[in-house]
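Understanding the architecture of this molecule
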Amino acid sequence: MRRRLIPLLLAGGLGLLWASSASAFTKTDGPVTMSDGVTLMTSYYVPDGTPPAAGWPAILMLHGLGGTRNDTNALAEAYYVPQGYAVLTYDVRGHGQSGGFVGIAGPHKLSDVGELFNNLAARPGIDRAHIGAWGISYGGGQILDSLVAGVPFAAVSVYETWTDLFSALFPQNQPKSGIVGGFLNEIPSSKLDPEYTWVPNDAIHGLELDRLHALADPRSSLNGLGRVTTPIFMLQGRRDFAFGIDQAIAVYTHAGGPKRLYIGDHGHAPSSFPAPDTDYSMTETRMWFDRYLKGMPNGIDTKPPVEVAPNPWKGQAVSYPGLPPTKSTSFAAPGKTTISANGLVIRSLGATKTPLEEFGSPTVTVSVTPKGGWSRLTAVLTATSAGAKPTVVSGGGVPLSGPGTVTIKMISDATFIPAGSKLQLWLSASTTKTPAGLLYLDLGLPAGAKLTIGKATVSVPALAKPISG
């Protein structure tokens, strides 16, 4: 959930984006005290000059886990403030110069969003009716939760975040332990809310799932999105192994107001932010705010509502009137192999005859017979082009309780697979010996554990017409 920006993002060509209408601004750093006494450090930007009659439209910006307001300040100064927006950024609880503990997007953080909305709305020269919000990852999740809770933002834009926290991090009740552990490493032990000291061990090992559900569900916006009519622009990564495309599609499917979906090159690992298309996507978020905070008829609301960026980036995304059409291709992986606790099975699926642009969640159906306490199975799908290293198309895992046939629903993402690529399926108790590395950690099995793996079938959803390559 951590996202840091680099100064080079703000140098060079970006200035040309808004130079013709850019204006000077004033920045003020200072503390704001919450109702429970915790102080949050903020940066407040206001454009120079006379505000509009109703006041400046404004944006509250939230950074990712492990970050600070410096991350969002860079974006505010490049894209929003020079275009006539007042902006308030802040170090969330337990981060940067703010006090308090990290409650994993808990009730205090949700309350903070509402209080800072009111703080911003009460500042001189601000148009309370036209305050928006921008957030990334951890910050984006809080914004969506705040909408469900009733914070009256006039429009929001969120990058690479979740709508259902449990399904994102514990799909099929099997934790993506490497992803979960990486997020938890962003929280110093001294900053973790004492109420949640049990979380690291249970979350990584998938223990007490009911308690993890009880933690994640109130931090998820999915069930309340249907009653939200605020305009929402959701921007998700093509290849984000933390928060897959499905999390953003849930907003597009369920939200009750104007909505827009962009699938781009940014994201958590194996992607990054900023990405080659960040200037394009951030410009579109500014247009979204221009339309709904300034009332500008710029056409962003009448364009086709779904865009997918090709990879590599070509300077323009491909538009769709709805979710892009897909078709599935199946691959068989026959065989029968028994492995011990540290073993690995690699099955060849053959070579692709035509280009495939995987889009969605590949599924693996495989017969298994676990013995001696073997308790989980992970699967990784890779594609290898001539002269290149294997590319991880997707991965997933499920707990095992006995013999039978299991289906693993892999991470929902978008990966271009050139024609002639050799597909392989990697099956084991963890992904540590596969090209996916630490996606699913090696958490140990009993010494005598064995697993017999039979026939496997892989189904890969792909865009009906590839856009990359």
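Note that the structure is a prediction, hence the values are computed from the model and not measured.

Conventions adopted
Residue indices follow the written sequence of each chain, beginning from 1 at its first position. Reporting in this predicted model follows two pLDDT cut-offs: at least 70 for local features of residues, and 80 or more for side-chain atom pairs to be given and counted; totals over whole chains, interfaces and linings ignore these cut-offs and use all residues. Side-chain numbers here rest on the full set of heavy atoms in the structure, without hydrogens or water. The way it works is that DSSP assigns letters per residue, a run of H or I at least four long becomes a helix, a run of E at least two long becomes a strand, and they are numbered from the N terminus. Throughout, radius of gyration means the C-alpha value; the globule benchmark is 2.2 Å times the number of residues raised to the power 0.38. What makes two residues a contact is simply this: any of their non-hydrogen atoms within 4.5 Å. What sets the accessible areas is the Shrake-Rupley method with a 1.4 Å probe; for residues, cover comes only from the shown protein chains. Positive: Lys, Arg. Negative: Asp, Glu. His and the chain ends are not part of the count. For the purpose of locating charges, the reference atoms are NZ of Lys, CZ of Arg, CG of Asp and CD of Glu. Salt bridge, as applied in this entry: a Lys or Arg side-chain nitrogen positioned within 4 Å of an Asp or Glu carboxyl oxygen. For every residue, the accessible area obtained with a 1.4 Å probe (protein chains only) is divided by the maximum for its type, and the residue is called buried under 20%, exposed over 50%, and partly exposed between those limits. Whenever a nitrogen or oxygen atom comes within 3.5 Å of another N or O atom, the pair is scored as a polar contact, on the condition that within protein one atom can donate a hydrogen and the other can accept it, and that pairs from neighbouring residues in sequence are kept only if both atoms are in side chains. Here the aromatic set is Phe, Tyr and Trp, taking the six-membered ring for Trp, and pairing holds for ring centres within 6.5 Å; pairs whose planes are under 30 degrees apart are stacked, those over 60 apart are edge-to-face, and all others are tilted. In this description, a line fitted to the C-alpha atoms serves as the axis of each element, helices being fitted only across the stretch in contact, and the angle between N-to-C directions of two axes falls anywhere from 0 to 180 degrees. Put simply, angles under 35 degrees are roughly parallel, angles over 145 are roughly antiparallel, angles from 65 to 115 are roughly perpendicular, and the rest are oblique. We call a crossing left-handed when the near helix sits turned anticlockwise from the far one by less than a right angle, and right-handed when that turn is clockwise. Gly is put with the polar residues, along with every residue not named as nonpolar or charged; the nonpolar set is Ala, Val, Leu, Ile, Met, Phe, Trp, Tyr, Cys and Pro, and the charged set is Asp, Glu, Lys and Arg. Side-chain atoms within 4.5 Å are what join buried Ala, Val, Leu, Ile, Met, Phe, Trp, Tyr and Cys residues into a set we call a nonpolar core. A residue's pLDDT is the confidence the predictor assigns to it, expressed on a 0 to 100 scale. Here the rule is simple: two strands pair whenever DSSP picks up at least two bridges between them.

**Points about the overall build of the protein chain**
The helix and strand inventory of the protein chain stands at 10 helices and 21 strands. In terms of overall size, the protein chain behaves like a compact globule, its C-alpha atoms giving a radius of gyration of 23 Å where 469 residues would be expected to give roughly 23 Å. Within the protein chain, residue pairs in contact and separated by at least 24 positions form 76% of the contacts whose partners lie at least 6 positions apart. When the accessible area of the protein chain is evaluated, it comes to approximately 17500 Å², of which 56% is carbon and sulfur surface. For the protein chain, the centre of its 36 positive side-chain charges and the centre of its 32 negative side-chain charges are spaced 10 Å apart.

**Describing the pattern of salt bridges**
Overall, the coordinates contain 14 salt bridges when judged by the stated rule. In this structure, Arg93 engages Asp112 in a salt bridge whose closest nitrogen and oxygen atoms are separated by 2.6 Å. Of this pair, Arg93 sits in the loop between strand E4 (86–90) and helix H3 (107–121) while Asp112 sits in helix H3; the two residues are 19 residues apart in sequence, bridging distant segments of the chain. Side by side, Arg93 and Asp112 carry an identical accessibility label, which is buried.

**Considerations on the environment of Ser430**
As for its position among the elements, Ser430 is in the loop between strand E20 (422–428) and strand E21 (450–463). Spatially, the C-alpha atoms of Ser430 and Met234 are 32 Å apart, while their sequence positions differ by 196 residues. Excluding its chain neighbours within four sequence positions, the residues that come into contact with Ser430 are Thr378, Tyr440, Leu441 and Asp442. Side-chain polar atoms of Ser430 contact the side chain of Thr432, separated by 2.9 Å.

**A closer look at the packing of aromatic side chains**
Across all of its chains, the model carries 13 aromatic pairs by this definition. Relative to Phe243, the ring of Trp162 has its centre 5.5 Å away and its plane inclined at 50°; by these criteria the two rings are tilted. Of this pair, Trp162 sits in the loop between strand E6 (155–159) and helix H5 (165–169) while Phe243 sits in the loop between strand E7 (232–237) and helix H9 (245–254), and the two are 81 residues apart along the sequence. For the pair Trp162 and Phe243, a shared accessibility class is recorded, and that class is buried. What links up through ring pairs into an aromatic cluster is the set Tyr80, Tyr85 and Phe289.

**Focus: the packing of helix H2 (residues 69–80) against helix H10 (residues 278–293)**
At a closest axis distance of 10 Å, the pairing of H2 and H10 adopts a crossing angle of 70°. Comparing their axes, H10 and H2 come out roughly perpendicular. Viewed along their axes, H2 and H10 form a crossing whose handedness is right-handed. Mapping the contact onto sequence places Leu75, Tyr79 and Tyr80 in H2 and Thr278, Asp279, Met282, Thr283, Thr285, Arg286 and Phe289 in H10. Broken down by class, the residue content of the contact of H2 with H10 amounts to five nonpolar, three polar and two charged.

**Considerations on the nonpolar core**
Counting residues in each nonpolar core, the largest one holds 82 residues, and the members touching the most others are Leu60, Phe153 and Ile232. Ignoring sequence-local partners within four residues, the contact set of Phe153 consists of Leu60, Val113, Phe117, Ile131, Gly132, Ala133, Ser146, Leu147 and Thr230. Of all hydrophobic cores here, the second largest spans 34 residues; its members include Ala379, Leu427, Val460 and Ala462.

**A short note on the confidence of the model for the protein chain**
Overall, the predicted model of the protein chain reaches an average pLDDT of 94, with 95% of residues at or above 70. Segment residues 1–22 is flagged for pLDDT under 50; beyond a separation of four residues in sequence, or across chains, it makes 53 contacts in the model.

**Quick look at the sheet that holds strand E17 (residues 391–399)**
The strand order across the open sheet built from four strands is E13-E20-E16-E17, with neighbouring strands paired in antiparallel fashion. If you trace the sheet from one side to the other, it starts and ends with strand E13 (344–351) and E17, each paired once. Strand-to-strand twist of the sheet, defined as the mean angle between neighbouring strand axes without regard to direction, takes the value 15°. Pairing of strand E16 (residues 376–384) with E20, which is carried by seven bridges, proceeds in the antiparallel orientation. Paired with Thr384 across the strands is Lys422, a residue of E20.

**A few points about the pairing of strand E14 (residues 356–360)**
A large share of E14 lies buried, amounting to five of its five residues. One ladder, built from five bridges, connects E14 with strand E19 (residues 413–417); its direction is antiparallel. By the bridge assignment for E19, Leu356 is matched with Ile417.

**What to know about unusual backbone geometry**
With an omega of 5°, the peptide bond between Phe273 and Pro274 qualifies as cis. Positionally, Pro274 belongs in the loop between strand E8 (259–264) and H10. The residue Ser137 is not glycine, and still its phi comes out positive at about 55°. With respect to the element layout, Ser137 can be found in the loop between strand E5 (126–136) and helix H4 (138–149). Residue class for Ser137 comes out buried when judged on its relative accessible area of 0%. In the Ramachandran plot, Asn173 falls in the positive-phi region, its phi being about 65° despite a non-glycine side chain. In this fold, Asn173 is placed in the loop between H5 and helix H6 (177–184).

**Digging into the packing of H3 against H4**
At their nearest, the axes of H3 and H4 sit 9 Å apart, and the two run at 75° to each other. The orientation of H3 relative to H4 falls into the category roughly perpendicular. Residue-level contacts link Lys109, Leu110 and Val113 of H3 to Tyr138, Gln142, Asp145, Ser146 and Ala149 of H4.

**A few points about the pairing of strand E2 (residues 39–47)**
A large share of E2 lies buried, amounting to seven of its nine residues. Judged from the nine bridges that link them, strand E1 (residues 25–33) and E2 form a sheet pairing that is antiparallel. Bridged to Thr33 within E2 is Thr39. Taking the residues between adjacent antiparallel strands as the criterion, E1 and E2 are bridged by five residues, where Gly37 takes a positive phi near 95°. As defined by bridge partners, E2 adjoins E4 across four bridges and the pair is classed as antiparallel. The residue bridging Tyr44 from the neighbouring strand is Leu88, located in E4.

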